[in-house]
There are 2 protein chains.
Amino acid sequence: MKISVTVTLKKDVLDPQGKVVKQTLKNMGYANIEDVRQGKYFEIELKENDKANATKIIEEISKKLLTNTVIENYTINYK
Amino acid sequence: MKISVTVTLKKDVLDPQGKVVKQTLKNMGYANIEDVRQGKYFEIELKENDKANATKIIEEISKKLLTNTVIENYTINYK
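The sections below set out a description of the structure shown in this document. (Residues numbered from 1 in each chain as written. Chains lettered and ligands numbered in written order. Predicted model: local features only at pLDDT ≥ 70, side-chain atom pairs only at ≥ 80, totals over all residues. Heavy atoms only, no water.)

This next bit is on the relation of the copies chain B and chain A. Between chain B and chain A, which share one sequence, the superposing operator has a rotation angle of 180° and an axial displacement of 0.0 Å; the RMSD is 0.0 Å. In symmetry terms, the pair is related by a two-fold rotation axis. Taking the C-alpha atom as reference, chain B places Lys40 of chain B closest to the rotation axis, 2.4 Å from it. (Least-squares fit on C-alpha atoms with pLDDT ≥ 70 in both.)

What follows is the structure, encoded as structure tokens:
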């Protein structure tokens, strides 16, 4: 089972990486860029056919390892 | 308009970051993790209501700045 987890910074957390990308795009002439926020993306292949079990594992992994829940949010996508 | 771009390493490109995450998960006791690949995620807010124009800009940005097309692929998602 292939599952992806997207980790993004919470709304009120400053994102210097995103700011740099935004500024670079502006310097390249893209004037209509309003905001850029950068995050992480994980593609996980799991030996587990039961979706409920898989969800449990991925939730656990996301909270314990992939995300710093103080400043980040995560979204889980099934493929 | 909010658009997200996910950048992942091509299939045959080694992903040391993903390997470390995978090994860490195994060490934490998650035996059924088959593979982990890590990528980047960009959330872009664009002052552009026409979807065709937005697509054109985002495609350009993805190729010129966000992605190293030699070793990476990108996927565009509209929200």
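Next comes the rest of the write-up.
All names here are of chain A. With the rule as written, the count across this model stands at 6 salt bridges over all chains. We note a salt bridge from Lys63 to Glu59, for which the minimum N-O separation is 3.8 Å. Linking Lys63 with Glu59, this pair stays in helix α2 (residues 51-66), spanning 4 residues, or about one helical turn. In this structure Glu59 comes out as partly exposed when scored by relative accessible area, which is 27%. (Salt bridge = Lys/Arg side-chain N within 4 Å of Asp/Glu carboxyl O. Helix = DSSP H or I, 4+ residues; strand = E, 2+ residues; numbered from the N terminus. Buried < 20%, exposed > 50% of the residue type's maximum accessible area, 1.4 Å probe, protein only.)

What follows deals with the packing of helix α1 (residues 16-27) of chain A against helix α2 (residues 51-66) of chain B. At a closest axis distance of 12 Å, the pairing of α1 of chain A and α2 of chain B adopts a crossing angle of 110°. Taken together, the axes of α1 of chain A and α2 of chain B lie roughly perpendicular to each other. Contacts from Val21, Thr24 and Leu25 of chain A in α1 of chain A reach Ile61, Leu65 and Leu66 of chain B in α2 of chain B. The class makeup of the residues in the contact of α1 of chain A with α2 of chain B is 5 nonpolar, 1 polar and no charged. (Axes fitted to C-alpha atoms, helices over the stretch in contact; angles between N-to-C directions. Parallel < 35°, antiparallel > 145°, perpendicular 65-115°, else oblique. Contact = heavy atoms within 4.5 Å. Nonpolar A, V, L, I, M, F, W, Y, C, P; charged D, E, K, R; others polar.)

Once that is clear, we can look at the sheet that holds strand β2 (residues 33-46) of chain B. An order of β3(A)-β1(A)-β2(A)-β2(B)-β1(B)-β3(B) is seen for the 6 strands of this open sheet, with the pairing classed as antiparallel. Edge strands, defined here as strands with exactly one partner in the open sheet, are β3 (72-78) of chain A together with β3 (72-78) of chain B. Along the sheet, successive strands turn relative to each other by an average axial angle of 25°, direction set aside. Bridging between strand β1 (residues 2-9) of chain B and β2 of chain B involves 7 bridges; their strand directions are antiparallel. Bridging from a neighbouring strand, Thr8 of chain B pairs with Gly39 of chain B of β2 of chain B. In the packing of α1 of chain A onto the sheet, the strands contacted are β2 (33-46) of chain A together with β2 of chain B, and the crossing angle to β2 of chain A comes to about 125°. Against the sheet, α2 of chain A contacts β1 (2-9), β2 and β3 of chain A together with β2 of chain B, and its axis sits at roughly 155° relative to β3 of chain A. (Pairing = 2+ DSSP bridges.)

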